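# Geometric and topological summary
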Amino acid sequence: MSPEPARQARIALHEGGPPTGVTTTAPPDRRNTSVSTIPAGAVPEVLAVLGSSPRGLTSAEAATRLHRHGPNELPRIGRGQVCRRLIAQFTDLFAVVLLVASAITFVAYWLGRPRDPATLQLALAILGVVLLNASIGFSQEYSAERTAESLQAMVPHTCRVLRDGEHCKLSARDLVPGDVVILEAGDAVPADCRLVEVQDAAVNNAALTGESDPVVRVAAPVPSGPPLQARNCVFMGTDLVAGTAKGVVFATGTVTEFGRIFRLTAAAPRQQTPLQRQVTIMARRVAGLALATGAALFAIRVPSGQPFVDTFVFSLGVMVALVPEGLPATLSVSLAIGVRRMARRHALVKQLLAVEALGSTSVICTDKTGTLTQAEMTVVQVWAQGASHAVSGVGYAPVGQITDAGPVRELLRAAALCSNARLVPPTGRNSWRVLGDTTEGALLVAARKAGLDPTQEEAETPRVAEHPFDSARKLMSTVHRDSDSRFLAYAKGAPLELLARCDAIDHNGRKTPLADAARTEVAAAADGMAGQGLRVLAVARRRVAGPRPSLEDVESQLTLLGLVGMYDPPRPEVRDAVDACRRAGIRIIMVTGDHPLTAEAVARRVGIVRDSAPAVVTGTQMDALDDSGLDTLLAGSSQLLLCRVSPEHKLRVVTALQRRGEVVAVTGDGANDAPALKHADIGVAMGASGTDVAREAAVMVLLDDSFASITTAVGLGRSVYRNIRKFLIYLFSHNIAELVPILAATFAGFPLVPITAVQILAIDLGSDVLPALALGAEPMEPDVMNNPPRPRQERLFSPAVMGRVLFLGGIQALGVCAVFFWHIHASGIPYADFTKRDPVYREAITMVQAGIVVSQFFNALAVRTDRQSVFRTGLLTNPWLLVAGCFGIGLMAAISYAPPLQAVFHTAPLAPADWAVLTALGAVLLVAEELRKWALRRRRTSPKGES
Ligand code: ATP
C-alpha cells in the first residue's frame, strides 16, 4: 500500500480532513484530536481514502498505524473518581459520627481543668479508627474496582480481520484505521467501520441510541446526515444481529462514537447490592442505638454526682463501642473474595450483585451443546436413500472411513458448501481445530472422509449469497454458481424444519416426489439417530433462478439429500455437578433447540433424567399454552426438557419461573439469547463459544462453558452469604460483651467503668477487624450444597441469627462481668473508694479487656459452622483466622505488659493464672456453642424434630 493514501486517511481521521462525509465530534484524547470523519463515496473510494484495500492492511502497515494511533481501547477510571471515592470514605455515616465524637472529645480535653491526657488519647484513638476504616474501605473498593476491570479484560474480546489478504483472529485492541473487519450475526462491532460488503446485515444500535430494534445495513453510499443514521456504517459497542458484513475501520478507541458516550457515562455512580443496602440500613440502626445508649448513660450518670466531662467522655466511649466500625469494609472484602474465587473456578462474575443472587439460585435453565456436552461434534452416521452409512474416526482429524461413501458424497458436499466453519490443520502442539461452529466443522471433516476437498469444492462452486443460520428458523442456506453459471441453493438444518420445506427426495441424482411414506421413513430415520443421542441435521438443495433469491425462494420446494447424525460426548464433570444440584434442591431444566429424543438421551447420560420418563415439551407445544398453562407445566414434573425451542421461548420460561418466585440462572450463547440472559436473575454466557452480545448481556461468563462451573459458582455464592452471616454474628456478639459490663456497673452503683473507651477501640481494631476479615474469607463448607436454596425473601438478620448473637454475646458478657466483679470484691475495698489509679481497678479492667479478646478468639472458631461441630470441620482449615486471633491476643499481651501501653490504656500486668481463667471462660463459650449445635443436629435428625 502506498504511504500517500495512508497519510490522506490520517488527515481524514484526525485533522478533520476534506468534507467528504459526515463529521462527528469526539472528546480530546492523548493520541487523537477531536474529529473523526465517516468516509463518503463508493467502496473503492472509501478504501482508498483510508489507505486500505479489499485484502485489508499489510501487517507492517498495521503495526505502524498501531504505533501511531495507539490501541483500540477506552480510557481507564480517572484520578478524579479515585479522589471522590477516597473522600466518600469520610462522609459515610459511621465516619461522620466518629469524627463528631472525636471533635467533641478534643474540645472536652481542651476545656478540662486539669487537662486529662486520657481524654486526648481517646480523641486521637477515635480519629485513628476513622482513618484506619477509611483506608481499609478505600483500598478494598479500589481493589474491587481493579478486579472488575481485570475481569472485564479477561472476557475474550477478539475480532476477525483481513490482514495481508488472510483471515485472522485478532485482539480488538490491535485494530487500526484501515483494517477490514469481518462480522457475523452475534458479533459485537469492535470499532467504527464503514461497510464495504453486506449480506442481509442488521445491527442493534441500542448501546448508542437506546433503540433495540434491528436496523438494516448497506454498503452503498448514503446521503450525509447525523453519524448514527449512516446506514452504511456500524459503530463500536453495537452488535450485528443478523447476516454477515465486512467493514473498513475509520475510527478506533476514544474517537469512536462509543468512546464519546463512554466518557460521558464512565463517571456514573455504582449501585449498592440489596445485601449491602440491608447491611447499611442495619448499621444505621445500630448507630442510632449507639447514640441513644450513650445519651441514656449520660443522663443516668450525671445526676448521680459523676464529674460532667468524665461522664460525657465515658458516654461517648460507649457510643463508639457500639458502632460496628469495620462492617462495611468487611462486607465488600467478603464479596470481592467471592468474585475472585469464582474467577479461579472459570466463572467470571461482572457484578457483585450476582454473587448474592447466585447463592439463592433455585432453577438453572441450561443449554445442551457445549454446556452439558463437549461441543466436539463427530459425524458418526449418514443416512441417504433409505440406507445408513457408518462413519469411523473421532474428533476433527479427517481420518476415518465411510462405509460405501458413494451415495452420500453429494449430501456431504452440499453440507460442506453450506457451512461457514473452517478446518485448521495441526500446527505445533495443536491438533486439527475448527474455526467457527463445531456442528459445521464436523460436516467438513465428514466431507473429507468421503474424499472431498471442501476448499476446492468452494472454489469450483463459489458462494454468491447466504441466509445465515438462525436458531428460530433452525436452518441455514447458501446460493452457489456452478461451472455452467447456473445457480444452486443448498440448505441444512433441523430435520423436521427442513423436511417441511422439501417436496422431493434425491435418488441417485434423480429428483423423486416426496410421498407421505417417504416422509415418514425420513422422520423415522431422524428419530432413530436422535434416540441414540445424536444431533441430526437434514441437507437439501434446489435450483434457483438468480444469484440473490429471497429466503422464501431458497428454502422451499427443496430436494432432500439425506440426514447426518453427529455425536457430541457429554462433559465428564457434569454428572457430579447435576448430582450436587439435586442435593442442593436446585432444579435443572434443559432448554435446547435440539430434537426431543437427542435431548432426552443426553439428559439421561448426564443424570438430569433418571429412571422415570421426563416431561418433554417442544416449542410448538409451548406456543399453544397460555401463561397459566405454562405455570402449570413448570409447577409439574421435576424432570422437564424443553426442546426445539427458540430464544423467545427461553425468555418466556424465565419470566414464568420468576413469576413463581424462583431465582433463575439461564445459560445462553447466541445473540438472540440476550433478552433471556438480561431478564434472568443470573444470565450465564459462554466465554469460549458464545457471542459478544451474549457475554455483554450476562452477569456471569463461563470461561470453560461447562455446566459444572455454574454449580461451583452457586456453591461459592452460598458460601459468601454464609461467611457474611458468620462475621455479623461475630461482630455483634462482642458488642454485647462490651456493653453489658458497663450497664451492670452503672446499675450496681460502681463509680468507674469496667472497660474504657480506648480499650474498647483497641479491641475493635485488634481482635475484631482482622478475624472478621478472615471469617469473610472462610473456605467453602462441604455441606454448602446439601440444603435447599435460601428463600428469596430471607433476611440477613433472621431471628436465628439474632438468637445466636444474643446467645454468644450473653455468654461472653456473663464471663467478663464475673471476672470484673470477682476482682473488685476479692480486694475488699468499698465501691466508693475506687479511683482510676487503684491497682486493683487497673487489674480488673485489664481482665475485662483480655476476657473479651480471649473469648472472641473462641467465638471466631464457634461461628465458623452453623450446625456442624467445629472439631469436625477442622480447627486449622482457615489458618488466617488463627493468625488474626493470635495477633489480637498478642496485642492484648502488649497492652498488659508494655509500660508505654500500660500508661495509655491504664492496664496492669496479668498473672499466668489470670490468662488460665480467661482461657477457661473462652473454652466454656466454645463448649456451650458445641452443645447447642449438637442439640440442633439431634433435633433435626430425630423423627419428631422440626425439619
Ligand atoms: P443446544 O445448545 O441446547 O444443543 P442449540 O441451542 O444449539 O441447542 P440450536 O443451535 O438452536 O440449538 O440448533 C437447533 C437445531 O438447528 C439443531 O438441532 C440442528 O438440527 C440445527 N442446527 C444447528 N446448527 C446448525 C447450523 N450451523 N446449520 C444448520 N442447522 C443447524
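Residues numbered from 1 in each chain as written. Predicted model: local features only at pLDDT ≥ 70, side-chain atom pairs only at ≥ 80, totals over all residues. Heavy atoms only, no water.

It is worth spelling out empty space enclosed by the protein at this point. Summed over all chains, the structure comprises eight cavities of 30 Å³ or more. Considered as a void within the structure, the largest cavity measures approximately 70 Å³ in volume. Along the walls of the largest cavity sit Y730, S767, P771, V853, Q856, F857, A860, L861, L881, L882 and G885, which together make up its complete lining. Taken together, the elements giving at least two residues each to the lining of the largest cavity come down to α27 (757-776), α29 (839-862) and α31 (879-897). Per-element accounting of the lining of the largest cavity gives the leading share, five residues, to α29. Its residues placed into classes, the lining of the largest cavity shows eight nonpolar, three polar and no charged. (1 Å grid on protein atoms, 1.4 Å probe; cavity = no way out; pocket = protein on both sides within 12 Å on 5 of 7 lines; lining within 4 Å. Points joined across faces, edges and corners; volume = space filled by probe spheres on them. Helix = DSSP H or I, 4+ residues; strand = E, 2+ residues; numbered from the N terminus. Nonpolar A, V, L, I, M, F, W, Y, C, P; charged D, E, K, R; others polar.)

Around the ligand, 19 residues are found, and the nearest of them are K368, T369, D437, T592 and D594. Note that an oxygen atom of the ligand is positioned 2.7 Å from one of the side-chain N or O atoms of D594. Taken by itself the ligand offers 610 Å² of open surface, and the protein chains cover 92% of this. Looking at the shell around the ligand, the elements that each hand over two or more residues are β18 (487-493) and β21 (535-544). If one sorts the elements of the shell around the ligand by residue count, β21 sits on top with three residues. Looking at the shell around the ligand, its residues break down into six nonpolar, five polar and eight charged. Domain assignment of the residues forming the shell around the ligand places at least three in each of domain 3 (348-373 + 572-705) and domain 4 (378-567). (Near = heavy atom within 4 Å. Polar contact = N/O pair within 3.5 Å; in protein donor to acceptor, adjacent residues only side chain to side chain. Areas by Shrake-Rupley, 256 points an atom, 1.4 Å probe, with all protein chains shown as cover. Domains from an automatic or database assignment.)

So, about the packing of helix α19 (residues 574-583) against helix α20 (residues 596-606). One can describe the packing of α19 onto α20 by two numbers: an axis separation of 8 Å at closest approach and a directional angle of 80 degrees. Here α19 lies roughly perpendicular to α20, going by the angle between them. Of α20, the residues touching α19 (which contributes V574, R575 and V578) are R604, R605 and V606. Broken down by class, the residue content of the contact of α19 with α20 amounts to three nonpolar, no polar and three charged. (Axes fitted to C-alpha atoms, helices over the stretch in contact; angles between N-to-C directions. Parallel < 35°, antiparallel > 145°, perpendicular 65-115°, else oblique. Contact = heavy atoms within 4.5 Å.)

A contiguous nonpolar surface patch, about 250 Å² in accessible area, is contributed by L86, F90 and L131. Here L131 is to be found in helix α6 (residues 117-154). (Patch = residues over 30% accessible without salt bridge, like charges linked within 9 Å, V, L, I, M, F, W, Y side chains within 5 Å. Salt bridge = Lys/Arg side-chain N within 4 Å of Asp/Glu carboxyl O.)

As for its placement among the helices and strands, Q121 is situated in helix α6. Judged by its relative accessible area of 22%, Q121 is partly exposed. Sequence spacing of Q121 and V758 is 637 residues, and the spatial spacing of their C-alpha atoms is 7.4 Å. Non-local contacts of Q121, meaning those with residues more than four positions away in its chain, are made with A903 and V904. (Buried < 20%, exposed > 50% of the residue type's maximum accessible area, 1.4 Å probe, protein only.)

Take unusual backbone geometry next. The phi torsion at D164 lies on the positive side, around 55 degrees, for a residue other than glycine. For D164, the location among the structural elements is in the loop between β3 (158-163) and β4 (166-171). Phi angles above zero are rare outside glycine, and S485 is one such case at about 60 degrees. Along the chain, the position of S485 falls in the loop between β17 (475-481) and β18.

As a further point, take α19. For α19, the set of buried residues is V574, A577, V578, A580 and C581. Seen from one end, α19 has its buried residues packed into an arc of 155 degrees, which puts them on one side. Along α19, exposed side chains directed more than 90 degrees from the buried face belong to D576 and R583. Those residues of α19 hidden inside the fold are in contact with β11 (363-366), β23 (587-591), α20 and α26 (707-748). Backbone geometry just downstream of α19 places G585 in the positive-phi region, at approximately 70 degrees. (Arc of directions from axis to C-beta.)

Any functional reading would require information that these geometric values do not contain.
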